[in-house]
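# Secondary and tertiary structure notes
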Amino acid sequence: DHRSTLCHSDPEFVECDVCVYILEVVEPFIKNNRTTEKIRYVLEHICRQLPGTFQLECNYMIRVYGPEIIQLLKAHYTPRVICEKIHVCKHQPGITKKLKSNRK
């Protein structure tokens, strides 16, 4: 696996799909409780559940982008938009910016 040889300071270390997946898994657990403590706890717990390289990417993502991810989750941004805002994913115009705008 080529990812295991990447330097951990490489911005490409966390793949877009992995970032989105991790945040999609987190969403249901914080639905009714978006406090900083709850989000941090869920993020760390999710990382421990992931296999090998994904766990490394998850831990790296939280270590580097954790505070920003937490603030964006508290503001109800979608996983894809959060990953774009932390520059893990490239911006795709036309994607709905907030969960509230596409859910009733």
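Everything discussed here concerns the structure shown above.
The structure reproduced in this document is the subject of the present report. (Residues numbered from 1 in each chain as written. Predicted model: local features only at pLDDT ≥ 70, side-chain atom pairs only at ≥ 80, totals over all residues. Heavy atoms only, no water.)

## Re helix α1 (residues 16-30)
For α1, spanning 15 residues, the distance from its first C-alpha to its last is 21 Å, which sits close to the expected 21 Å at 1.5 Å a residue. For α1, every residue scored as buried is listed here: Cys-16, Val-18, Cys-19, Val-20, Ile-22, Leu-23, Val-26, Glu-27 and Ile-30. (Helix = DSSP H or I, 4+ residues; strand = E, 2+ residues; numbered from the N terminus. Expected span 1.5 Å × (residues − 1). Buried < 20%, exposed > 50% of the residue type's maximum accessible area, 1.4 Å probe, protein only.)

## Let's talk about the pattern of salt bridges
Inspection of the entire model under this criterion finds 2 salt bridges. Residue Glu-27 pairs with Arg-34 through a salt bridge whose shortest N-O separation is 3.4 Å. Judged by its relative accessible area of 14%, Arg-34 falls in the buried class. (Salt bridge = Lys/Arg side-chain N within 4 Å of Asp/Glu carboxyl O.)

## Some thoughts on the state of the cysteines
Counted according to the given criterion, the structure contains 3 disulfides. With its sulfur 2.0 Å from that of its partner, Cys-16 forms a disulfide with Cys-89. The chirality of the disulfide connecting Cys-16 with Cys-89 is right-handed, given an S-S dihedral of about 100 degrees. With Cys-16 in helix α1 and Cys-89 in the loop between α4 (79-85) and α5 (99-102), this residue pair connects regions lying 73 residues apart in the sequence. The pair formed by Cys-16 and Cys-89 is uniform in burial state, with each residue classed as buried. Each disulfide in the protein links cysteines that, numbered along the sequence, combine into the pattern 1-6, 2-5, 3-4. (Disulfide = S-S within 2.5 Å.)

## Comments concerning unusual backbone geometry
Notably, His-76 is not glycine yet its phi reads approximately 70 degrees, a positive angle. In this fold, His-76 is placed in the loop between α3 (52-74) and α4. We classify His-76 as partly exposed; its relative accessible area is 22%. With phi around 65 degrees, His-87 is a residue other than glycine that occupies positive phi space. The topology assignment puts His-87 in the loop between α4 and α5.

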